[in-house]
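# Results of the structural survey
The chain contents come next:
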Amino acid sequence: MDEVLVREVDVEGSRRALGEAIAELQAAGAWKAITKLLRSIPIRDALEAVDAFAAGRGPGARPLGVDFLSTAASLDLTDRIDGEQGAVASAILDRWSQSDAEMPHVLAQWAFVALARAGLTCGPAWERHFPFVRVGGVIDRSVPAVKEAARTLSPARVFEVTKRAMERGTVAAPSTALCVLGTHDDEALARLVLDHRSAGWDRERVVKALEKLGDRPGIQRAIADTQRGDTQRFLLQVASRSRPTSLDELDPLRREQLRIAGERFDGRSPPLESRLVEDPENGAWAHLVLADEAGRPRYDAWLVSDSGTYFDVGTTTIVAEHVQGAVTGAERALADALDAASRASVDRP
């Protein structure tokens, strides 16, 4: 057991081992009491205890839902972190980097804030844990955390690290990029966010947000070039559309495309046949072949509800995704064309 978990703490007038106290409160569902306890002990101990329990190293090896605690019991340690926690944050990031598990979002925030306040740089093995903005807005605590975390990135790694974080947090991906661009004038990242498509971030809103960052040469070049390219458009049309109800209707390639699209939609890998059963909530999967103006097939699309995946025709190479009603992951002209063709196919038999 981690050393921090056997240290004694005061819990309701009695001395208890920290690990045992948290485990008992966890079993009782006393989430606010856990928050109160973690905020009452030294910040280093709190970070180490959260890390141990999140990774299942606490008594009973039952992982603690740290992200749940942050939401349900307002657990936040950011205000208690200072420049002295750089070493413990580095050790925590090292441990998670040796595992395939996804680091809890708020724990990653605290670790990177600790690195930033200690003046440390994000190591290569830690990059995959770089935090993303969860939902955005003035009350989202992940926004200031990502802004601070941006200070840990070396200029040469800004684009790749932020792009990966945006892919992990698609809901507020533009917010993640803008938080990083507040520190780094990265032209490639500015172009990426300008090409992004989502329901809450149209082109005008992205440009205004970038302009608020000030007279930054790289960002200004990206805005100017994008605006010059606004007239560059091409059209796609629906060459065929089907709603298969049996795997017998699909060749091996189409089956593999559906498998990939399904996993990217909900993160699950059920028997493929179940994907062809209409879902009362999301409807049925539809397969589209999108052709260019000359009628040449260019893209395969598997769509359900307001989501889906686009492939280069006849391959499993992903070119874009439909996320919450908007096309993402492709350059702007292609995203617009895919989106327009997909919307034109709605309600067709």
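Our structure is the block above this text.
Let us look at the structure shown here. (Residues numbered from 1 in each chain as written. Predicted model: local features only at pLDDT ≥ 70, side-chain atom pairs only at ≥ 80, totals over all residues. Heavy atoms only, no water.)

## Considering the sheet that holds strand β7 (residues 318-323)
Read across the sheet, 6 strands follow the order β3-β4-β5-β6-β7-β8 without closing on themselves; strand pairing throughout is antiparallel. Both outer strands of the open sheet, β3 (237-242) and β8 (326-328), are each paired with one neighbouring strand and no more. When strand polarity is set aside, the average angle formed by the axes of neighbouring strands in this sheet is 25°. (Pairing = 2+ DSSP bridges. Helix = DSSP H or I, 4+ residues; strand = E, 2+ residues; numbered from the N terminus. Axes fitted to C-alpha atoms, helices over the stretch in contact; angles between N-to-C directions.)

## Regarding the pairing of β7
Here strand β6 (residues 307-312) pairs with β7 via 4 bridges, running antiparallel. The residue of β7 that forms the bridge with Tyr310 is Ala320. With antiparallel pairing between neighbouring strands as the criterion, β6 and β7 make up a hairpin whose turn holds 5 residues, including Gly314 at a positive phi of roughly 75°. Sheet topology places β7 next to β8; 3 bridges connect them, and they run antiparallel. Bridging across to β8, His322 finds its partner in Val327. Between the antiparallel neighbours β7 and β8 lie 2 residues, among them Gln324 with a positive phi of about 50°.

## Details of the side chain of Thr35
Of note, Thr35 is situated in helix α2 (residues 31-40). Reaching out from Thr35, the side chain makes a polar contact with the backbone oxygen of Ala73 at a distance of 3.3 Å. Here Thr35 is in contact with Leu69, Ala73, Ser74 and Leu75, once residues within four sequence places are set aside. (Polar contact = N/O pair within 3.5 Å; in protein donor to acceptor, adjacent residues only side chain to side chain. Contact = heavy atoms within 4.5 Å.)

## A look at the packing of aromatic side chains
Summed over all chains, the structure comprises 3 aromatic pairs. On the numbers, 5.4 Å between centres and 75° between planes, the contact of Phe112 with Phe130 is edge-to-face. Of this pair, Phe112 sits in helix α6 (residues 105-117) while Phe130 sits in the loop between α6 and α7 (142-149), placing them 18 residues apart in sequence. Of the residues examined, Phe112 reaches a relative accessible area of 0% and is grouped as buried. The class for Phe130 is buried, based on a relative accessible area of 0%. Ring centres of Phe265 and Trp285 lie 5.8 Å apart, and the angle between their planes is 85°; this geometry places the pair in the edge-to-face category. (Phe/Tyr/Trp six-rings, centres within 6.5 Å; stacked < 30°, edge-to-face > 60°. Buried < 20%, exposed > 50% of the residue type's maximum accessible area, 1.4 Å probe, protein only.)

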